[in-house]
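Here are the chains, one letter per residue:
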Amino acid sequence: MSFADAVRLLDGDSEIVDRLGSLAGIAAGTATVASKGTVDYFALRDQLMRWGHRLVGSWQERVRGLGRFDRTDRILAAHSVLVIISFDEALDDWFKHRGHDLASAELTRAEQAAIAAGGPLADSYAGMIAGLLDRPPPYPEPTVPFEDVRAELHRYFLDCTGRTALFLDGLKAFERELPAIKGPAVAKRAMRRYEESYRRLAAEIPEFRLWSAMIDAQATRELIRTAIDALGDRREPVDEVPAGLVRRYQARLEKPILSNAGAAGDLVLPTLREGYREPAGTVVSTTPTSLPAVDGWWAEHGTPTADVQDFLFAALTGPGAGEGPIVVLGHPGSGKSVLTRVLAARLSGAGFLPVRVELRNVRADSPVQRQIEEGLYLMLGEQVRWPELVRRAGDALPVVMMDGFDELLQATGQNWADYLEQLQEFQEREAELGRPLAVVVTSRTVVADRARFPTGTTVVRLDPFSDEQVADWLAVWNAKNAAGLAARGLRPLPARVALAHRELAGQPLLLLMLALYDGRENQLQRSGGTLRRIELYERLFQDFFVREVDKLGEDRDTAVATEWRRLGAVAVAMHNRGRDVILEPELEDDLRHLLSIEDRTPRPAAHRPLTAGQLLVGRFFFVHESKASQDTGGAQRSFEFLHATFGEFLAARQIITALVDLAEDRARLRRTATLDAGYFHALTSFTTLTRRAPLWEFGQGMIAGLTAEERAQCRDLVMELLPEAGYPHPRWTFAEYEPDRRTVAQRQAAFSANLVSFAVLLSDGPVDVTSLVGEPVAVNWRQLALLWMSQLEPEDGRRLWQAFRVEWDLTAAPTQLRIRVEDGTDVPVVPSLPWPPEGRPPTQDGLPPGRDLAMPAESDTGRQLRKSAFAQTAIDNREFVYALMPFWREFGDIEYRGDHTKNESSAWLVLELAVGSYATGTIGSRTDVYVDALSRPIPRLQQNAMDRFVQECRAVDLTVLEELYLREHIARVRAAAAATQHAAADDFRYTVGAVFELRTGRRLA
């Protein structure tokens, strides 16, 4: 807001407003001094400054009784006045310090006439007026660090100084002072005055404290909370409809944080008011290139805030609150919906009208206003029109909270990319109609890339609980349950025990799950903190299933096994699609294939099987249901696991269980029936086990936990299936199961890759690849590896080669190509090189020193070597091609020895001559390099060898030079040079002798 606009809004003296209007016309070029009489900014300055000081001293009277929106406007206007007064006073101080009075800058008649006539003086005067009166100064915002605002204000003051100096340049009275005015002194004085005044106002205006403190690392929680408390007017709405909303929101704070159905035995759930802990977060203002769905992007661009709810409160009081939606992102279970419930109750007593809309319960394809009205009906039980509600709310600023935008995206499967733009357009329309409002939207982080964020959108991502927050939450939990636990001889859950499982304890809902689990028999504490993730998940699911079936009085073992299969089938349906989210129709179709009719029918038997939604009712700790409604039909649903690793654990468990069961069938039916591997094939022919790191980790852990007999049976099965992986099996069942349409080659690739993965995991130590693919091993393995690389999804292919280490064992006779699980050790170069398809590499007792080296596994070169070794072909070798281009330019094509060995090419010799030395290698191997280079019929290479040898003779330690002489290495190199018939051979022989004589005092023979 400009200074001129601020004066008009704050009801300044009519004379001031009129005269400022005239000055604004001059700045805009629509009027001249001549046409406006004697309007003179310098003559008006004193009057403006006196008025501004009165305003700042009486701001409370001016905002008393105003609504939230009007109050924010007037506070922003007061800030603009504060900025200009700070500059004018700094300018006055600067002149007075030098014995001048700025009043002398009043325009004389001659100067007014010059301005009226146009020209440079008129232009500079208009520029000064535009900069001081019509250009909005920077102002503090909750999303911008106050240090950044200070920097912007400093630049603003520098600009104002420059504009003023440019005008004064045309006035005779100030010619001598202009050089100093153009420096930063005035801007520094203005900043000091501004900061002093701002601190005084912040003590009285809580919004100033909030806007400058929300992402200020120096701000304390007490300071922020004090500022927020100062905003509360504690007035109850007089109209029944807004009052009803307030009562509903406040009542929800007194309800348990979760349905009591989720608690076991005598465990007591805290209320929302007791158990809610404000999350920290990270804040950004979006640009067209923002990537809010990418975790790494937040680390680079986000600004931390210690309390998201306080930040939102501050942002809603800010001047930009009505210009676009504020988006809150978080993972499932991070507390997004709970945050909006608590915020709704908190806002209702501070000049806001909160309206919370659960998007899962309103029609997704309705206009924004209709969605709000549907949400009001669900909350109040009566039809309320949006315009009517705003009018009945009086001065309160409406804050509409659209909770669950991701539900629209996931449950319907439709494109809602423009939804945030729809909300912004709704805000613009309502502001034009005199009904301004703020909007807050919540969504899962992972789907943020499916929405267009208007430029400048404030986005907040919820952070996981810190260690302190976990301890704070557990203190509340333990206080509520101390007596009940003690009565059963159990102990409260210490924070250190929960934090041993950090990935779960950091999410509020999953932290509650851990507390409930430990509250039964102190299982977490009894593990002594050594419980691995795979063991914890097994116990969590088992404990939950037991509690659920015990409520129904069913046979425990049978019913629990059914529960495992049900959730396992859900996980496999997602795994086979390579997605974390599955639509209800997709899941319905998969469950018909993956579960028996008995597993889909509740006990006692009902008339028909359960739907996917009915099957998953009550699994809130593990499965999150997204729901959206449309006019075209009933509610549409999608499902995902509350933590992605839950699904990966269950998928791995279902696959390993199927493998073990099939292996047992094979051992039992080998001579009496044909083996039906259809179910196992359906689980393993769409996606690889290595695609996700947790899935691969769980698979390894589960196979490691098998008995020796089970491992042997499973390996025999895998080795039997692998040669047949590419052939059709018409007798196998599940042929109609196709969750994702794939070609025969794609399914063969996934199935064979998983079989090889199982073969390696089921073996003790590295596996001879010949046992997997037969002979010729290099050809057969290359064909299989390239099938994987070409037919799997790119992510599957990348994860597959990264999961294993393939190397030649060059010490075996004959040499062997071996595969093992990637262990992160350095990558030896020679054993990792792909071997030509015409045969195996020769057995080597050991490479000569310096002829091999090892690269870090995760270095660029290490990864390229691993990938090439895995595929047994030079794949993605463009980096090496780039490195060889200078060689080709100078030497032509690479040449090899007559026996076609590839490891001592001319290119290798050039590099070895350049970077190797007697100081870093053995003397014998280094001399062999020189003799080899000189024996090649490449004159340029021979010249390089001779030049480099002379350099080394000059540079090596004298003792090394003596050893070269005594062991006849010098003689060998000189003889090799003489045999080349190179034109420089004689000069080389002479130069080496001269260097040796100079350094040792002896002559060479």
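Look a little higher up for the structure.
Source: prediction; values computed, not measured.

Quick one: what's the story with the overall build of the chain, residue by residue and with numbers?
A count of helical and extended segments in the chain gives 47 helices and 15 strands. Expressed as a percentage of the 1005 residues in the chain, the buried residues total 53%. Within the chain, contacts between residues separated by at least 24 positions form 73% of all contacts whose residues are at least 6 apart in sequence.

Give a detailed account of the packing of aromatic side chains, specifying residues and quantitative values.
Each pair of aromatic rings is reported with the distance of its centres and the angle of its planes. This model, assessed by the stated rule, comprises 32 aromatic pairs. An aromatic cluster of at least three residues, connected via ring pairs, comprises Tyr537, Phe541, Phe544, Phe545, Trp564, Phe646, Phe649 and Phe698.

Tell me what's going on with the side chain of glutamate 89, and back it up with residues and numbers.
Mapped onto the elements of the fold, glutamate 89 is located in helix H5 (residues 68-97). Classification of glutamate 89 as buried rests on a relative accessible area of 14%. For glutamate 89, the side chain forms a polar contact with the side chain of arginine 193, separated by 3.0 Å.

Got a sec to walk through the packing of helix H13 (residues 240-252) against helix H18 (residues 368-380)? Specific residues and values, please.
At a minimum axis separation of 10 Å, H13 and H18 run at an interaxial angle of 70°. Viewed along their axes, H13 and H18 adopt a mutual orientation that is roughly perpendicular. In this structure, H13 meets H18 at a crossing whose hand is left-handed. Mapping the contact onto sequence places Val241, Gly244, Leu245, Arg248, Tyr249 and Arg252 in H13 and Leu376, Leu378, Met379 and Leu380 in H18. Among the residues making up the contact of H13 with H18, the classes are represented as 7 nonpolar, 1 polar and 2 charged.

Got a sec to walk through H13? Specific residues and values, please.
For H13, which comprises 13 residues, the first-to-last C-alpha distance of 18 Å matches the rise-based estimate of 18 Å (1.5 Å per residue) to within 8%. Among all positions in H13, only Val241, Pro242, Ala243, Gly244, Leu245, Val246 and Tyr249 are buried. Residues of H13 that are buried in the fold lie against helix H17 (336-347), strand E4 (352-358), H18 and helix H19 (386-392).

Account for the packing of helix H31 (residues 644-669) against helix H33 (residues 693-704), with residues named and values stated.
Across the interface, H31 lies against H33 with an axial gap of 9 Å and an inter-helix angle of 40°. It follows that H31 is oblique to H33 by the angle criterion. Crossing of H31 against H33: the hand is right-handed. Facing Thr645, Glu648, Phe649, Ala651, Ala652, Arg653 and Ile656 of H31, the residues of H33 in contact are Pro694, Leu695, Phe698, Gly699, Met702 and Ile703.

Outline the pattern of salt bridges, supporting the account with residue identities and numerical values.
One side chain can pair with another of opposite charge once the charged atoms of both are near each other. By the definition in use, this model includes 57 salt bridges. Here glutamate 807 makes a salt bridge to arginine 805, at a shortest N to O gap of 3.1 Å. Arginine 805 gets classed as buried once you look at its relative accessible area, which sits at 2%. In this structure, arginine 936 and aspartate 932 form a salt bridge, with 3.0 Å as the shortest nitrogen-oxygen distance. Its relative accessible area of 6% is what places arginine 936 among the buried residues. Residues participating in the shared-partner salt-bridge network are Arg805, Glu807, Arg820, Glu822, Asp823, Glu858, Arg863 and Arg866.

I'd like a description of the sheet that holds strand E11 (residues 767-768), backed by residues and values.
The antiparallel open sheet is built from 3 strands, whose spatial order is E11-E13-E12. Of all the strands in the sheet, just E11 and strand E12 (804-809) have a single pairing partner and so form its edges. Sheet topology note: the E12/strand E13 (residues 816-821) ladder contains 6 bridges and is antiparallel. In the strand pairing of E13, aspartate 809 is matched with glutamine 816. The sheet strands contacting helix H38 (residues 794-803) are E12 and E13, and the helix crosses E12 at an angle near 50°.

How would you explain the pairing of strand E3 (residues 326-330) if you had to name every residue and give the values?
Along E3, 5 of the 5 residues are buried, which leaves the element largely enclosed by surrounding structure. Burial of E3 is two-sided: the residues Ile326, Val328 and Gly330 facing one way and the residues Val327 and Leu329 facing the other way are all buried. The pairing of E3 with strand E6 (residues 438-444) spans 5 bridges and is classified as parallel. Considered in E6, the bridge of glycine 330 is made with arginine 444.

I'd like to hear about a nonpolar patch on the surface, residue by residue, with values.
On the surface, Tyr882, Met885 and Trp888 cluster together to form a nonpolar patch covering roughly 330 Å² of accessible area. One can find tyrosine 882 in helix H41 (residues 878-891).

Explain the nonpolar core to me, and be specific about the residues and the numbers.
Within the largest apolar cluster, 124 residues are counted, with the highest numbers of intra-cluster contacts made by Phe758, Trp781, Trp788 and Ile819. With 12 residues, the top contributor of residues to this core is H31. Ignoring anything within four residues of it in the chain, the contact list for phenylalanine 758 reads Ile655, Ile656, Leu659, Phe680, Thr684, Leu689, Ile703 and Val718. In terms of nonpolar packing, the next biggest core, distinct from the first, is built from 71 residues, Val241, Leu329, Met402 and Ala628 among them.

Any details on the environment of arginine 566? Residues and values, ideally.
Along the chain, arginine 566 falls in helix H28 (residues 556-577). On the basis of relative accessibility, which here comes to 10%, the residue arginine 566 falls in the buried class. Between the C-alpha atom of arginine 566 and that of leucine 650, which follows or precedes it by 84 residues, the distance is 10.0 Å. A polar atom in the side chain of arginine 566 sits 3.2 Å from the side chain of glutamate 563.

Break down unusual backbone geometry for me, citing the residues and quoting the values.
Proline 776 follows glutamate 775 through a cis peptide bond whose omega is -5°. Note on placement: proline 776 falls in the loop between helix H36 (770-773) and helix H37 (777-791). Cis geometry marks the peptide bond from alanine 813 to proline 814, where omega comes out at -5°. Inspection of the secondary structure assignment puts proline 814 in the loop between E12 and E13. You will see that asparagine 522, though not glycine, has its phi angle at about 55°, which is positive. Mapping asparagine 522 onto the fold places it in the loop between helix H25 (508-521) and helix H26 (523-526). Look at glutamate 968: it is not a glycine, yet its phi comes out positive at around 65°. Within the secondary structure, glutamate 968 is located in the loop between helix H45 (958-966) and helix H46 (969-979).

Account for the sheet that holds strand E7 (residues 458-462), naming residues and giving values.
Strand order in the open sheet formed by 7 strands is E2-E1-E7-E3-E6-E5-E4, with mixed pairing between adjacent strands. Edge positions in the open sheet fall to strand E2 (303-305) and E4, since each of these has one partner strand only. Taken over all neighbouring pairs, the strand axes of this sheet differ in orientation by 25° on average, direction set aside. Where helix H16 (residues 308-317) meets the sheet, its contacts fall on strand E1 (281-285), E2, E3, E4, strand E5 (397-403), E6 and E7, and the angle it forms with E7 comes to roughly 170°. Sheet strands in contact with H17 are E3, E4, E5, E6 and E7, and its direction is about 165° off that of E5.

Procedures and definitions
Residues numbered from 1 in each chain as written. Predicted model: local features only at pLDDT ≥ 70, side-chain atom pairs only at ≥ 80, totals over all residues. Heavy atoms only, no water. Helix = DSSP H or I, 4+ residues; strand = E, 2+ residues; numbered from the N terminus. Buried < 20%, exposed > 50% of the residue type's maximum accessible area, 1.4 Å probe, protein only. Contact = heavy atoms within 4.5 Å. Phe/Tyr/Trp six-rings, centres within 6.5 Å; stacked < 30°, edge-to-face > 60°. Polar contact = N/O pair within 3.5 Å; in protein donor to acceptor, adjacent residues only side chain to side chain. Axes fitted to C-alpha atoms, helices over the stretch in contact; angles between N-to-C directions. Parallel < 35°, antiparallel > 145°, perpendicular 65-115°, else oblique. Left-handed = near helix turned anticlockwise from the far one by under 90°. Nonpolar A, V, L, I, M, F, W, Y, C, P; charged D, E, K, R; others polar. Expected span 1.5 Å × (residues − 1). Salt bridge = Lys/Arg side-chain N within 4 Å of Asp/Glu carboxyl O. Pairing = 2+ DSSP bridges. Patch = residues over 30% accessible without salt bridge, like charges linked within 9 Å, V, L, I, M, F, W, Y side chains within 5 Å. Areas by Shrake-Rupley, 256 points an atom, 1.4 Å probe, with all protein chains shown as cover. Core = buried A, V, L, I, M, F, W, Y, C linked by side-chain atoms within 4.5 Å.

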